[in-house]
Amino acid sequence: MNAVVSWLEHRQIGLYLAAILAAGVVGLTVPGAHHLEGAIEPVLALLLFATFLGVPFAAIGKSLRDGRFLAAVGVLNFVVVPLVAYGLSRFVSDEPALLFGVLLVLLTPCIDYVIVFAGLAGGASERLLAAAPLLMLAQILLLPLYLLLFIGPEGVAVVEVGPFARAFLLLIVVPLTAAALVQALARRHRYGVVIERTTLGLMVPLMMATLLTVVASQAGAVGDSLGQLLVLVPLYAGFLIVMAVLGIGAGRIFRLDVPATRALVFSGATRNSLVVLPLALALPASLSLTPVVVVTQTLVELIGMVIFVRLVPRLAPSSAGRIEPAASRPEPN
């Protein structure tokens with residue numbers, strides 16, 4: 001078992017790329033592949049359960065007191081990102097469905113698999129985990145305001161809280177509670193240890209399953225509207241590049257250590273596409289292309305995250321030393 005887990009971990013980047021390619025083929029060639037959309041939330045919840053299991057809950061408590069990191073995440077996501085998103089959205093400002101979709105997805109920071117990818121890159125995943133509820137609450141409150149500023153009253157009228165609240169419950173509260181219960185069980189019974197070790201050993205397959213499900217379920221919709229969506233690919237790729245640079249800069253300005261800076265880069269670059277997709281699907285017919293606009297961002301981002309796992313450690317190398325004094329940040333357990 002240990003040998004298999006080690007083999008998977010050493011080859012995980014290649015496996016993730018293979019999963020994305022295979023899912024693209026399935027989504028474009030297999031009739032009914034879009035029905036896999038219903039499996040996105042369950043498989044993502046399992047992935048996050050495994051992710052939360054690997055984070056000591058004592059470290060989460062300490063991270064909630066890490067005001068400097070939380071301030072950096074807040075400023076990057078709710079001050080810097082809106083400016084970048086508004087600038088990029090000008091390239092599609094004459095297409096209402098494209099404009100709404102671009103703003104909808106870029107204005108909402110990720111609260112789920114960002115934790116996984118940041119951890120793979122040596123980022124402070126426990127700090128992102130602690131920040132997730134705050135990010136979710138902030139985007140619920142601020143998204144209508146930004147849409148009002150960038151689009152007008154019609155942008156606010158179609159925003160519903162329901163999809164956000166449901167995602168918060170299913171993707172944060174339930175997996176986090178289950179992970180806490182298993183960790184408590186593992187301290188008292190051997191069965192808990194077995195569940196914990198087995199689940200953690202499935203991290204790579206669970207990530208592959210998530211990538212397969214998301215990409216395969218959405219590839220067909222993207223393919224059908226490819227001509228209209230091509231303009232979005234460089235836009236979304238540009239967002240990733242810009243936010244990588246700005247994330248590194250923000251880490252230096254806030255004097256974060258290397259793991260926190262890496263986590264900050266991922267937080268600024270990854271978006272909440274899987275959470276806002278149900279909202280996009282509920283939009284009126286005049287904005288029927290918006291869900292595909294959101295899905296296109298998901299596909300570009302997933303490929304980008306695989307690249308980020310290798311790139312971000314080079315942008316914020318451990319050899320660069322500490323940027324933040326050790327006494328001012330929580331120590332890992």
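Please refer to the structure placed before this passage.
If you're wondering where the values come from, they're calculated on a predicted model, not measured in any experiment.

Definitions and limits used
Residues numbered from 1 in each chain as written. Predicted model: local features only at pLDDT ≥ 70, side-chain atom pairs only at ≥ 80, totals over all residues. Heavy atoms only, no water. Phe/Tyr/Trp six-rings, centres within 6.5 Å; stacked < 30°, edge-to-face > 60°. Helix = DSSP H or I, 4+ residues; strand = E, 2+ residues; numbered from the N terminus. Buried < 20%, exposed > 50% of the residue type's maximum accessible area, 1.4 Å probe, protein only. Lys NZ or Arg CZ within 6 Å of the ring centre and 35° of its normal. Axes fitted to C-alpha atoms, helices over the stretch in contact; angles between N-to-C directions. Parallel < 35°, antiparallel > 145°, perpendicular 65-115°, else oblique. Left-handed = near helix turned anticlockwise from the far one by under 90°. Contact = heavy atoms within 4.5 Å.

A.B. asks: An account of the packing of aromatic side chains is requested, with residue identities and associated values reported.
C.D. replies: One pass over the full model with this rule turns up four aromatic pairs. Measuring from centroid to centroid gives 4.9 Å for Y86 and F150, while their planes differ by 40°, and the two rings are tilted. A residue pair is termed long-range when its members are at least 10 positions apart, and Y86 in helix α5 (residues 67–89) and F150 in helix α8 (residues 125–150) qualify at 64 residues. Look at F150 and you get buried, because its relative accessible area is 18%. Summarising the aromatic geometry, the rings of Y113 and F117 are spaced 5.7 Å apart at their centres and angled 90° between planes, so their arrangement reads as edge-to-face. By the ring-pair criterion, three or more aromatic residues cluster together here, those being Y86, Y146 and F150. The side chain of R127 reaches across the aromatic face of F69, ending 5.9 Å from its centre. Note that R190 overlies the ring of Y191, its terminal NZ or CZ placed 5.4 Å from the centroid.

A.B. asks: I'd like a rundown of the packing of helix α2 (residues 12–29) against helix α12 (residues 203–224), residues and numbers included.
C.D. replies: As a packed pair, α2 and α12 sit with axes 7 Å apart at the nearest point and diverge in direction by 30°. Viewed along their axes, α2 and α12 adopt a mutual orientation that is roughly parallel. Here the hand of the crossing between α2 and α12 comes out right-handed. When α2 is examined against α12, the residues Q12, L15, Y16, A19, I20, A22, A23, G24, V26, G27 and L28 are found in contact with a partner set consisting of V204, M207, M208, L211, L212, V215, A216, A219, G220 and G223.

A.B. asks: Account for the environment of I303, naming residues and giving values.
C.D. replies: With respect to the helices and strands, I303 occurs in helix α17 (residues 290–315). On the accessibility criterion, I303 (40% relative accessible area) is partly exposed. Between the alpha carbons of I303 and V276 there is a distance of 19 Å; along the sequence they are 27 residues apart.

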